[in-house]
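Letter by letter, the chains look like this.
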Amino acid sequence: MAATEGDPAMELSWVQGFSNKNIGFINKQTVCYPCGNYILFLDIETKKTTALQGPAGQVGALAANWNSQVLAFSDRRLNPFIYIYTFPGLSKLTELKGNAQLDYTLLAFSFTGPYLASYSSIPEFALSIWNWQENILLCRESQPGVAATSLSFNPMNWQQVCLINESSVTVWHIERNNDEHHLKQILVELPDGQESVSPSKDLFFPVSHTEDGYYGPDLPVSAIAGLVGDEAETFTPRDSAKPSVHPTAHCWTATSEIYLGCKEGYVMAIDAERGSVSVLQQKPLPEYVCKVSDIVSYVRGAQKKKGGKPEDPQQSVLFAMAFCNEGLYAAGNGGVLFFYHVKDLQYETKICVDILKPISSLIFSPDYTVLLLVTDQGTIYAYKPAHSGEAVKLLDTCSSCFLTADFLTPGDKYCVSVTISGEVQVWFLEDGTCLSKLNLDIQATAMACCPSSSSVAVGTIRGQIYFLDVTKAEAPRVVHRIFLSKFPVLSLHYDQSGRFLITRAAQGHIFILDARPSKLFQVLGYVALADEVLDLSVVSDFNKDLVEVAALLNVGAGQRARLEVFYLPSELTTDNDEYVNDQGMFDASAIKQERYDLDCPLSSAVRLKDNIVYGYCTSGLFICKYHLTEKTISEDPSVFLSEKRIRSNQFGSGILCLSPNSRWLASAANDGVLFVYHTPTMDILARMHCHSYQGGGIRSTVFSLDSKFILVIGKNDGALVCLKWKKIKNTEAEEADLHWRSLLAILNKSTSNENTVLQSMAERHFDPESTAESLPEGKFKDASLKSSNVEVTEEDGNVTSSYSANTNEMTWIDQKMKKVIREETERFANQKKELQMGIKKLHETIQKMMHENELVPDIEKLEQQEFNLDVEEQERAQEKAEEEVARVRKEIEMENLANCYLQSVIKHECWDPMCVKGRAVKCFHIASEVKNYPMKERTEEELKILEKVLQLKKIETADDEAQKKNPETESETVLPEEEREKTEDVTADDNASSCLIGSLSSQYGGDTSILYHQLDLHSREQKVNQIVLLKDVIYKLKTAFNKEFDIVAQQKEQEIARVKERNLRIREILEQLDLQLEVWEPALTDDEIPERALTVQDSEIKVEKYLTQEEREKAEMLAKLEMERRLAEKDNDRLRALNDMMGGVLEVKKEDVLKMDIPPPPFLSKPEHLWNEEEKRIFREYEIKVKELNEEKEEYRRALEDELKKLKASIQETTQNFDEIVCKLSERKVKSEMVIYQEELKIVNLVYALLLDEELDTRKAGLHNFLVKKEKEKDKTTKTLQTTEHKIVAYMDTYENAIVEEKKLECGFTKEFADLPADLLNELSQLYKRRPEAPVTEMAFDTANPYGNCSGSAEDYKHARTLLRKSMDELDSPEYMPNGLDPSIWERFCLARRNKMETEELVKQKDQTLAEMQAFLQRRMDDDEKIKSELEGIFQELRWVQEEKKKFQRNLTVQFLLKQGQVELESTGIPDYSDAILINRSVIEELNSSIMAQGRKKIASMVECKDFSKVIFHLEWEHKKMRMQIEDLEQKARDIATLSISKDRQLFLSMMNYDTHITHQISAMEQSLGIMDKLHKKNVKKRQKRIKELEKCISLEEQANYNLSLQLKEMLVSVSERRHIFEAADTQHISNEIAKQRYQEILKQKHLRDLVKEQEEQFETLQAEAERWRLRTFPIF
């Protein structure tokens, strides 16, 4: 059934899988498509499948040709081949070896002819055209970076190929020149997203050039971007590039057009000859049809919403197209098949069928009666357009990769597989027929079939296990689901008795379930291992009635593996509580858990019943055999060494699978090769290359229960392969069969009962997005009643418990934990309540004590921490807080460190390099400031360049002065006296004015004498030097201003110092006057002292500074010292005595007058009438003293006030004067900015000029590069033209000879049969001219084929001639022979007629070939003319660029300084405007315009005079020329008079048709030259042929010499041996005689050679003499 090249011990039974690409018809009823390493052939009538295995691994691209019934496919290895196979024989015809390095992505057969197109992937991206019958690569072209998605030949013309990628469409034309083939590309310009096809703009060659006097010429974008090479030709700016549509599908029409579908939903028609595109528009529907279609669209949209499909099928993206006589069929992601009736770029749409699945391909059968609809999900539908019915499902497989497969009990009839997407399939084991499918709509991770029932367990990525009832293979159903954990289910394993289901999950969890449906698949418990479980091996011991489970653990990156073994007794299913704890975990001692450390890292392991373990080692790529001994768990278990190591021929990580009878071991790895070993001897029984490493190798493998079949699943190739034994020992087969029957005998006891229970279970429907199942209504009510609600809250120490309302929404482990929590809560409820009450009382007591503590005195108060009863918790909280503080402190430190680094970087880059720091000077009283120019220090390189430029300028200046002093130069440049005076005046004015300089730099510190004159800047070097000099001028301008700025800044500092000094006196006066007035204190701001921004003052920090322990101790010590110092100052006896006696001063100052006071006499407390005379006198003296003191105080106060006013006025005056200085500096800054801007404007103009010059150079270089490329194309085209012309000339001779031969046959017919009677001769002549009817090819068997009348290729004539010969055989039969004709003459007549017919066919074929060659020549001539025109355009563009560059170098941009509205007056004094009048500006403008008009008239008259004088000069020149001609004619007349008349001259004078005579002579000489040229070519061909023959002889002689050298070595050995023998035998005399005889023979041979040589020389001499005589007698014409 299958064609494979595997190991003879095994053969392929069947293959299943599907790839939604590369599918096609190979005959009327057979479809082929690749699947992994195989190609499957599906008969659409019988639905039977056959397979062909690829010769070199995974099958790549595939193409089928139903016309020739062949298929082509590529492999996926390095340097891949293309294989051509026949069908149905499945024999290899040939192998095509191209230049592809990695892969072929596309293959396509031509509709007619033996042609195949292939497209390779990276790195070539090459399109190749093959003649697969002759194994010849016809032509090849590369498209770098273009990853094509589809490829097809034009069915009407095999010389057109369409290649499509995601963004472009390319039509390739195959041009023939006899035996040469060439590919010509036509790139189709697709429309944009708005259906508009705008003509592409040639950005490299603009249509027109616009010129601007200032901005220069308009150059292409590529020149502005600086591109020169190939990028300059294809560069498109982002704003100019418009996104085009994205092609998705295409097909050819009968008129050689291409229908194209795109992602944007448009349908387009492409003209393959011109590459033009037209967007097809839908015809507007009638109003009633629109209403009906809207209703239908609404209904269909509502239906498709439920399935998550697009609402509007009309907006679906077209992925497939197929053309027929009736119109166009198209389909896409909406799953709807549309029919387009196209007419005049408009179409009408009809919905044919809706399969509710995205359609990826549409393929018509060869007779166009069946249309195949291929979906992405692996389903193929057949639709018959003639019947317009529903689509019939032909193939229903899955395009998703298979995950695993297993055999359904009893293992000899059905098997079950599951895909990664969660689709379960049931297969018929005999022929691989898919019986049923069930989609779980969830990602599957594992699957296994139960031996004791017809149930299937499927594990998912969410930790769920689905249990399926497969008692009816045609209708599987889901009956139960268990949610084990949140970890994915990695693998499922049943023991051979079917009692336990062992589930491997992530995180080292192994769950044990009861596998019987009668127990409702109860979860018995789980085992938690320390490491991740890599593999499980389950062995049933029927004698001990237990199951052994071996788990292979991943112990990290070590070079060892660990094996955990535990045992499951049958009592687990009856008395489970003794083996598990409350959380559901098995007790290690109860299940006898054992641990074994193995010496090698393993990826898979299997265990046999006699403690033998086989493991696949990944490091050494071998299989290890271990013999385990019984050991218990220990802290440091011993390492088991491998007993035997079997070398594996595989690579990568692998898996092992053991047959049910433990006699065969299957090994599979990433290379895709399956090995089957005999376990007792580990001999290789079978080897099958059923998958490949390109597809990821083998994912899983499994034996059937009877060990007759093996299911092998690839990792990424999507193939399910079923293998069966072909050659096996009878003993092995009988042993496997016996084990199977014994196992069935054990299983049959429970299988029927379990299947009965399984069938009685109700079908369940689950939502894959949730973990809860949808139960029937009654059962849902029962489940809700059984659920219990207990809340768990925690508030103020009150703890209660709760249990989930719906246990089905929780995992099994969570349910166990909830149950344990609930039981503990119920058990200790009273104790918890008592504890809560005690804690509450204790809390109230402590709160009361803390309140009392707040009321007692401070000395009696307790610390807050002494009320803490849990000191340990407090310390733990403090430690946690300290850790958090340390973490936050570290984060802050790192952030500060980052900020410090950023500050240092900014300072290093922006502050340190500045030799002049940026700062400002502000006014005291005005809101105005002036900033200086921050300046970087010039580098050494800049200074060197400046020095170099200055030196060069000095040299040029000295050279100019020397030229001016040269008398010769002066004599040559002498002007008339008046002109020289004018020139001197203008020069003086220019020197006096700065208008031509273009700036006022010389007035503000800039030296403009070093600059070039603006009218002298022609070369690039001068412009660059001028830029350097202008930068130096700007630097000097800024430096000059900065000097003035520094003076003003220093002056402000001095003024502030003076103000501060005066403020000290003002404060003293205010203090003496006892006035509380605010003193104005000026200070420098941060803008004036920018250095302050780099340091942070303590006053700027608003938060408390953090001090370390050392800093705190140091601060405390300094504070203590300061306190001691202050105490010591207070205890100074000298100061205390001075304060007590004299108020703290030794001398009374004048400033202290205001503080002085005269003490009153002591008797003032008595009444005045009680005073005596002495007291009255003392009082009068006291009054006088007080009056004098008050007068002195008042005088001193007035003096202080006057001084205060003077100080304030002085401060005001000085600061205002400084403000005026700053204002003047600001005006100077504005003027400096103006001058700097003037110089910078010059620099900008110069830079722009340099940039434009560079763009012109770039444009010129780009044009030169393009010119070189076009010249190469021109040379290639010219060479092709010459070669083609020579070939056509040579072929014309062959064609003419064939025509002559045909005419000779026609003329020779009458001569050959002239002896026949006249009536027979006439009848034979009629029969001679008779030809059979045109042969009907097998291609025209179906009128429904839209491409039936396609044009054939030159190779198709071979088939036509074969059919013609068959027709001639019928005409040659004796029944057509005339009566009375001899049969021998009839046979001779038939032979002559056949020769005539073959000659005619040969002439026709040569005529067609000649027409193709001439058409090819014409196309090359057109290409040559096109290239010539392009070269002319390039030369024209180069000339334009050169002229523009010259014009640009002459036209300089000069900067002038002009004053707007300047009034020119003769007097230099102040004008008197008393008699001036004010007029409108328009009057002046009109006057100016009239003056300008008169000036233009004057210029026009001057030009007219100039032209008139030019005419006069021209007439004088004509007169002079005529005089010279007269002299020449007179001289010729004299020469003629003295000329001697020869014979030739007489002949010229006498003959009337002298030119005809000369032409006749020339033609005769040309004929002679042509004959001599042909003879020369003939001799050259002979010599070349002779040279080739001699080269062949030389190669043969070299080969012979090489063989002789080998023989010589052997003969030398034999000679040496014979010499030894000769010396040992002592046969000297015999050898002497033999030597003499041989010497005589050699002399004879030499004599004969000399004789032959002499005869050869004589023969050559005679041959040369004959050739000489032949040439002498050869005719001239």
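Rules behind the numbers
Residues numbered from 1 in each chain as written. Predicted model: local features only at pLDDT ≥ 70, side-chain atom pairs only at ≥ 80, totals over all residues. Heavy atoms only, no water. Helix = DSSP H or I, 4+ residues; strand = E, 2+ residues; numbered from the N terminus. Buried < 20%, exposed > 50% of the residue type's maximum accessible area, 1.4 Å probe, protein only. Contact = heavy atoms within 4.5 Å. Areas by Shrake-Rupley, 256 points an atom, 1.4 Å probe, with all protein chains shown as cover. Phe/Tyr/Trp six-rings, centres within 6.5 Å; stacked < 30°, edge-to-face > 60°. Lys NZ or Arg CZ within 6 Å of the ring centre and 35° of its normal. Patch = residues over 30% accessible without salt bridge, like charges linked within 9 Å, V, L, I, M, F, W, Y side chains within 5 Å. Salt bridge = Lys/Arg side-chain N within 4 Å of Asp/Glu carboxyl O. Lys, Arg positive; Asp, Glu negative; His and termini not counted. Charge placed at Lys NZ, Arg CZ, Asp CG, Glu CD. Pairing = 2+ DSSP bridges. Axes fitted to C-alpha atoms, helices over the stretch in contact; angles between N-to-C directions. Core = buried A, V, L, I, M, F, W, Y, C linked by side-chain atoms within 4.5 Å.

1. Examining the overall build of the protein
And then number 1: Broken down by element type, the protein carries 22 helices and 69 strands.
And then number 2: Considering the protein as a whole, with its 1677 residues, one finds that 38% of them fall into the buried category.
And then number 3: Of the contacts formed within the protein by residues at least 6 apart in sequence, a portion of 55% connects residues at least 24 apart.
And then number 4: When the accessible surface of the protein is summed, it comes to about 101,000 Å², and 53% of that surface belongs to carbon and sulfur atoms.

2. Considerations on the packing of aromatic side chains
And then number 1: Scanning all chains against the criterion turns up 27 aromatic pairs.
And then number 2: With a centroid separation of 5.9 Å and 70° between ring planes, the pair formed by Y329 and F364 is classed as edge-to-face. Taken together, the positions of Y329 in strand β27 (residues 328-332) and F364 in strand β30 (residues 359-364) put the pair 35 residues apart, joining distant regions of the chain. Each member of the pair, Y329 together with F364, is buried.
And then number 3: Here the aromatic rings of F511 and Y526 are separated by 5.6 Å at their centres, their planes lie at 35°, and the arrangement is tilted. With a gap of 15 residues between them, F511 in strand β44 (residues 509-514) and Y526 in strand β45 (residues 523-528) connect regions that are remote in the sequence.
And then number 4: We classify F511 as buried; its relative accessible area is 0%.
And then number 5: Note on Y526: relative accessible area 8%, which makes it buried.
And then number 6: Among the aromatic residues, ring-to-ring pairing joins F73, F81, Y83 and Y85 into one connected group.
And then number 7: It is K1052 that lies over the ring of F924; its NZ or CZ is 5.2 Å from the centre.

3. What about a negative patch on the surface?
And then number 1: Together, D870, E872, E875, E879, E882 and E883 make up a negatively charged patch on the protein surface.
And then number 2: Here E882 lies in helix α8 (residues 871-911).

4. Digging into a nonpolar patch on the surface
And then number 1: Taken together, I1477, I1479, V1483 and I1484 make up a surface patch of nonpolar side chains, about 390 Å² in accessible area.
And then number 2: By secondary structure assignment, the location of V1483 is in helix α19 (residues 1481-1537).
And then number 3: Residue V1483 is classed as partly exposed on the basis of its relative accessible area of 44%.

5. A word on unusual backbone geometry
And then number 1: Residue P88 is reached from F87 by a cis peptide bond, and omega for that bond is 10°.
And then number 2: You can see P88 is positioned in the loop between β9 (81-86) and β10 (92-97).
And then number 3: In this structure, the amide linkage connecting T409 to the following residue, P410, adopts the cis form with an omega of 15°.
And then number 4: One can find P410 in the loop between β34 (402-407) and β35 (414-419).
And then number 5: For L520, which is not glycine, the phi torsion reads 60° and is therefore positive.
And then number 6: In this fold, L520 is placed in the loop between β44 and β45.
And then number 7: Overall, the relative accessible area of 46% leaves L520 in the partly exposed class.

6. What to know about the sheet that holds strand β31 (residues 371-375)
And then number 1: The antiparallel open sheet is built from four strands, whose spatial order is β30-β31-β32-β33. Both outer strands of the open sheet, β30 and β33 (392-396), are each paired with one neighbouring strand and no more. On average, adjacent strands in this sheet sit at an angle of 20° to one another, irrespective of strand direction.

7. Some remarks on the packing of helix α6 (residues 812-827) against helix α7 (residues 829-855)
And then number 1: Running from N to C, α6 and α7 cross one another at 65°; their axes reach a closest spacing of 4 Å. Facing T825, E826 and R827 of α6, the residues of α7 in contact are A829, Q831 and K832.

8. Observations concerning the side chain of R1228
And then number 1: As for its placement among the helices and strands, R1228 is situated in helix α15 (residues 1173-1312).
And then number 2: Look past the residues within four positions of R1228 in its chain and what remains in contact with it is Y1004, F1041 and E1044.

9. Concerning the nonpolar core
The tendency in soluble globular proteins is for nonpolar side chains to be buried as a group.
And then number 1: M321, Y329, L337, L362, L371 and L373 are the most contacted members of the largest nonpolar core, which totals 56 residues.
And then number 2: The residues touching L337, leaving out its near neighbours within four places in the chain, are Y329, A330, A331, K350, I351, C352, V353, L362, L371, L373 and Y383.
And then number 3: If you look at the next biggest cluster of nonpolar residues, it comprises 41 residues, including V15, A51, V721 and A736.

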